[in-house]
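Structural description and commentary
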Amino acid sequence: MPGKERRRGGGRYPAAAAMELTTNLGPETVPDAFWGEHTSPVSRALLSSAVQCFARTGFHATTTRDITAVVGLSPGSLYVHFPSKEAVLFQIARTGHERALEALTSPPDDGDAGLRIRRLVAAHVSWHARHHTVARVCQYELAALEPDHFAEVLALRQRFSAVVHTAVERGVRDGVFDVPDVDRTVRAILSLGVDLVRWYRLDGADSPETLGESYAELAARMLGAASPAG
């Protein structure tokens, strides 16, 4: 986490001891690479633990003891790496939105409006399914953020809307899509990925990719787009 860290609980946790942390939190474990290479092993473990705690009981019902106990640290250890519990939530929310936006903007654009929206929706939905626990925290715990942190996350969310809005507008302009209200349609399309985080399970019937392709076709039908040739 950028910025100054408070040193409590006996100073920074030794790097060697970090290797002994309990970082495997089961099938919902957040991959270390998710948090970025500049995030320390201890911070990654705390963030991953916080994701599970916040998703299970909510931000306000989660204590610092809950977060640190999962990875075998004392409650005060959290403040060595983060200035507050809210700062932990902010890093989860900001990183989650950044990763999801990277996924949304990664599909190529070859000028075909119908194919473009299918690729966007498939990427959006499959990412949220693959990372549904993080995404659930990102969607449902934002009210606990401080105003400046909330504003930063809101700016990222607006970029999601802008990407899909541009794709839908182009399809309408090209005569490929037939929708009465672009804004409402964009909100409906984005909600396809958001809503699934409440119920999706990685061990369920559909893989993230299968669900993404299915929802992509559903979105295309919402827009009145013709099925792809072949």
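Position numbers for residues count from 1 along each chain, tracking the sequence in the order it is written. pLDDT decides what is reported in this predicted model: residues at 70 or higher carry local features, side-chain atom pairs at 80 or more are listed and counted, and totals for whole chains, interfaces and linings draw on all residues regardless. Side-chain calculation: all heavy atoms of the structure are included, whereas hydrogens and water are not.

Examining the overall build of the protein chain
Strands here are runs of E lasting at least two residues and helices are runs of H or I lasting at least four, both read from the DSSP assignment and numbered beginning at the N terminus. Looking only at helices and strands, one finds 10 helices and 0 strands in the protein chain. Mapped in sequence order, the helices and strands of the protein chain form the string α-α-α-α-α-α-α-α-α-α.

Points about the pattern of salt bridges
Should their charged atoms come close, side chains of opposite charge can pair. Salt bridge, as used here, is a side-chain nitrogen of Lys or Arg placed within 4 Å of a carboxyl oxygen of Asp or Glu. For the coordinates displayed, the defined rule picks out 11 salt bridges. R198 is the partner of D195 in a salt bridge, and the nearest nitrogen-oxygen pair spans 2.6 Å. Between E217 and R221 there is a salt bridge, with the nearest N and O atoms lying 3.6 Å from each other. Remark: R221 and E217 occur in helix α10 (residues 208–222); sequence separation between them is 4 residues, near one turn of the helix. Here the salt bridges do not stand alone but share partners, grouping D109, R116 and R170 into one network.

So, helix α5 (residues 85–105)
By definition here, a helix of n residues has an expected span of 1.5 Å times n minus one. Look at α5: 31 Å from first C-alpha to last across 21 residues, which is about the 30 Å you get at 1.5 Å a residue. Counting buried positions along α5 gives 18 out of 21 residues, so the element sits mostly inside the fold. Categorising residues by exposure relies on relative accessible area from a 1.4 Å probe, with only protein chains included: less than 20% of the type maximum marks a residue as buried, more than 50% marks it as exposed, and the intermediate range marks it as partly exposed.

Observations regarding helix α8 (residues 147–173)
Counted at 1.5 Å a residue, the expected span for α8 with its 27 residues is 39 Å, and the 38 Å between its end C-alpha atoms agrees. Whether two residues are in contact is decided by their heavy atoms, any of which lying within 4.5 Å being enough. Residues of α8 that are buried make contact with α5, α6 (113–130) and α9 (182–195). The positive-phi residue at the C-terminal boundary of α8 is G175, with phi of around 80°.

Some remarks on the packing of helix α2 (residues 41–57) against α5
Relative to each other, α2 and α5 sit at 95°, their axes nearing to 10 Å. By the criterion of interaxial angle, the relationship of α2 to α5 is roughly perpendicular. Contacts between α2 and α5 involve L47, A50, V51 and F54 on the former and, on the latter, K85, V88, L89, Q91 and I92. Classes in brief: Ala, Val, Leu, Ile, Met, Phe, Trp, Tyr, Cys and Pro nonpolar; Asp, Glu, Lys and Arg charged; the others, Gly included, polar. Its residues placed into classes, the contact of α2 with α5 shows 7 nonpolar, 1 polar and 1 charged. To obtain an axis, a line is fitted to C-alpha atoms, over the contacting stretch when the element is a helix, and the angle between two such axes runs from 0 to 180 degrees between their N-to-C directions. Small angles under 35 degrees read as roughly parallel and large ones over 145 as roughly antiparallel, with 65 to 115 read as roughly perpendicular and the rest as oblique.

A closer look at the nonpolar core
The term nonpolar core refers to a set of buried residues drawn from Ala, Val, Leu, Ile, Met, Phe, Trp, Tyr and Cys, joined through side-chain atoms within 4.5 Å. F54, I92, I117, V121 and V168 are the most contacted members of the largest nonpolar core, which has 67 residues in total. Sorting the residues of this core by element identifies α2, α4 (78–81), α5, α6, α7 (132–140), α8, α9 and α10 as the ones contributing at least two each. Excluding residues that lie within four positions of it along the chain, I117 makes contacts with V164, A167, V168, F177, I189 and L223.

A closer look at the packing of aromatic side chains
Stacked, tilted and edge-to-face pairs are distinguished by plane angle, under 30 degrees for stacked and over 60 for edge-to-face with tilted covering the rest, among Phe, Tyr and Trp rings (Trp via its six-membered ring) whose centres lie within 6.5 Å. Under the defined criterion, the tally for this structure stands at 4 aromatic pairs. When the ring of F34 is compared with that of W35, the centres are 5.0 Å apart and the planes differ by 80°; the resulting orientation is edge-to-face. Here the two residues F34 and W35 agree in accessibility, since each one is buried. Taken together, F34, W35 and W127 form an aromatic cluster joined through their ring pairs. A positively charged side chain is recorded as over a ring if its NZ (Lys) or CZ (Arg) lies within 6 Å of the ring centre. The angle to the ring normal must also be within 35 degrees. Geometry around F59 places K85 over its ring, the cationic atom sitting 4.2 Å from the centre. The ring centre of F34 lies 5.9 Å from the NZ or CZ of R99, which sits over that ring.

So, the confidence of the model for the protein chain
One confidence number per residue, pLDDT, is output by the predictor and ranges from 0 to 100. Scored by pLDDT, the protein chain comes out at a mean of 87, with 86% of its residues at no less than 70. Here helix α1 (residues 15–18) stands out as the element of the protein chain with the lowest mean pLDDT, 38, in contrast to α5, whose mean of 97 is the highest. Contacts from residues 1–19, a stretch scored under 50 in pLDDT, to residues over four places away or in other chains number 29 contacts.

A short note on the packing of α6 against α10
Their axes nearest at 7 Å, the elements α6 and α10 cross at an angle of 140°. Compared by their axis directions, α6 and α10 come out oblique. For the crossing formed where α6 meets α10, the hand is right-handed. Seen from α6, the contacting residues are R118, V121, A122, V125, S126, A129 and R130; seen from α10, they are P208, E209, L211, G212, E213, Y215, A216, E217, A219 and A220. Across the contact of α6 with α10, the residue classes break down as 10 nonpolar, 2 polar and 5 charged. Note: crossing handedness is left-handed where the near helix turns anticlockwise from the far helix by less than a right angle, and right-handed where it turns clockwise.

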